[in-house]
Amino acid sequence: MKQDRLFSIAKESVTDFNFDAAVADVFPDMLRRSIPGYENIITMLGGLARGYAQDNTRVYDLGCSLGAATLSVHRHTRDLSLAHICVDNSAAMIKRCQSKLQRHMPRASVELICDDIQNIQIENASVVLLNFTLQFLPKESRLRLLKTIYNGLLDGGVLILSEKLVFNDNEVNQQFIDWHHEFKRVNGYSDLEISQKRASIENVLIPDSFELHQQRLADAGFSQTLQWFQAFNFSSLIALK
Ligand code: GEK
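Residues numbered from 1 in each chain as written. Predicted model: local features only at pLDDT ≥ 70, side-chain atom pairs only at ≥ 80, totals over all residues. Heavy atoms only, no water.

Draft legend 1. Molecular detail of unusual backbone geometry. At Ser65, a residue that is not glycine, the phi angle is positive and equals roughly 50°. Here Ser65 is to be found in the loop between strand E1 (57–62) and helix H3 (68–76). Residue classification places Ser65 among the buried positions, given a relative accessible area of 14%. At Phe132, a position not held by glycine, the phi torsion is positive, near 65°. Note that Phe132 resides in the loop between strand E4 (125–131) and helix H5 (142–152). On the accessibility criterion, Phe132 (8% relative accessible area) is buried. (Helix = DSSP H or I, 4+ residues; strand = E, 2+ residues; numbered from the N terminus. Buried < 20%, exposed > 50% of the residue type's maximum accessible area, 1.4 Å probe, protein only.)

Below is the structure:
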């Protein structure tokens, strides 16, 4: 796994984060050291999906990056006939995702789409994954996407939504941010790397609160939302149709 050193040298001005080839090259290491619980979430996505995936249906991985979530679902659902639809608007991610999935799930039905997830039709879906992707959409577009997902899900289907959270109480929010930065420090990131990455991502990743997610999922039509994971300000929810 190539080590993420992208923010280790002081930059004159920090530009907005984007998912280019340099990021794609170090992405597994970046996510593992930046998102508390990332590896547990990936493993459990497969386990959770196993409970809801229905034979002869589709599984959508929206904002698939290198396909880690799809691979996990595949590992736990090999006995089912599923069509995997993986979508990402970063060409660098899709290119690497394609070779990875070809190598690790060569006989599975996989369609890779390089496009904005807002342009995707959702049909015949039993499981939809938004694993740390919704937070990159403009806030005003988020409900529309959730409604599209809800309408494309079969009865009994689920959306698994993982996100960075913001907390309504300022002090609590700051505490979680500090703990998250400590998480990065214990994983080997320097203070310079932490502060430059923060400056780069703060206009790109706009987190919502748990309460807002819950309300928005209800507004989109989901009958129940359960929070199955939280580590510091990172969480994963499962929304049932
Ligand atoms: C994982 N799910 O490893 N349309 C399509 N893709 C998008 C859009 C958009 N509008 N906005 C962002 N992306 C993965 C991790 S990473 C999370 C997801 C993170 C893509 C973007 O190109 C990137 O690959 C991904 O969403 C977010 O389970 O970097 O914190």
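Draft legend 2. Spotlight on the packing of aromatic side chains. Throughout the structure, instances matching the rule amount to nine aromatic pairs. Ring plane angle 55° and centroid distance 5.7 Å describe the contact between Trp228 and Phe229, whose orientation is recorded as tilted. On the accessibility criterion, Trp228 (23% relative accessible area) is partly exposed. By relative accessible area, Phe229 is classed as buried at 15%. Linked through ring pairs, Phe167, Phe176, Trp179, Phe183 and Phe232 together constitute an aromatic cluster. Directly above the aromatic system of Tyr189 lies the positively charged group of Arg33, at a separation of 4.0 Å from the ring centroid. Its end group placed over the ring of Tyr189, Lys184 keeps NZ or CZ at 5.2 Å from the ring centre. (Phe/Tyr/Trp six-rings, centres within 6.5 Å; stacked < 30°, edge-to-face > 60°. Lys NZ or Arg CZ within 6 Å of the ring centre and 35° of its normal.)

Draft legend 3. Main features of the site of the ligand. In the region of the ligand, 21 residues are neighbours, and Tyr38, Gly63, Ser65, Asp88 and Asn131 sit closest. In this structure, Tyr38 approaches the ligand through a side-chain N or O atom, which is 2.5 Å from an oxygen atom. Within the backbone of Asn89, a nitrogen or oxygen atom sits 3.2 Å from a nitrogen atom of the ligand. For the ligand, whose accessible area on its own is 650 Å², the fraction buried by protein is 94%. Secondary-structure elements contributing two or more residues to the shell around the ligand are helix H1 (21–34) and helix H2 (38–50). Considering only residue class, the shell around the ligand consists of 11 nonpolar, seven polar and three charged. (Near = heavy atom within 4 Å. Polar contact = N/O pair within 3.5 Å; in protein donor to acceptor, adjacent residues only side chain to side chain. Areas by Shrake-Rupley, 256 points an atom, 1.4 Å probe, with all protein chains shown as cover. Nonpolar A, V, L, I, M, F, W, Y, C, P; charged D, E, K, R; others polar.)

Draft legend 4. Quick look at the sheet that holds E4. Read across the open sheet, the seven strands follow the order E3-E2-E1-E4-E5-E7-E6; overall the sheet is mixed. A strand with exactly one partner marks an edge of an open sheet, and here the two such strands are strand E3 (109–114) and strand E6 (224–231). Taking the axes of each pair of neighbouring strands and ignoring which way they run, one obtains an average angle of 15° across the sheet. The pairing of E4 with strand E5 (residues 153–164) spans six bridges and is parallel. Opposite Asn131, over in E5, you have Ser162 as the bridge partner. (Pairing = 2+ DSSP bridges. Axes fitted to C-alpha atoms, helices over the stretch in contact; angles between N-to-C directions.)

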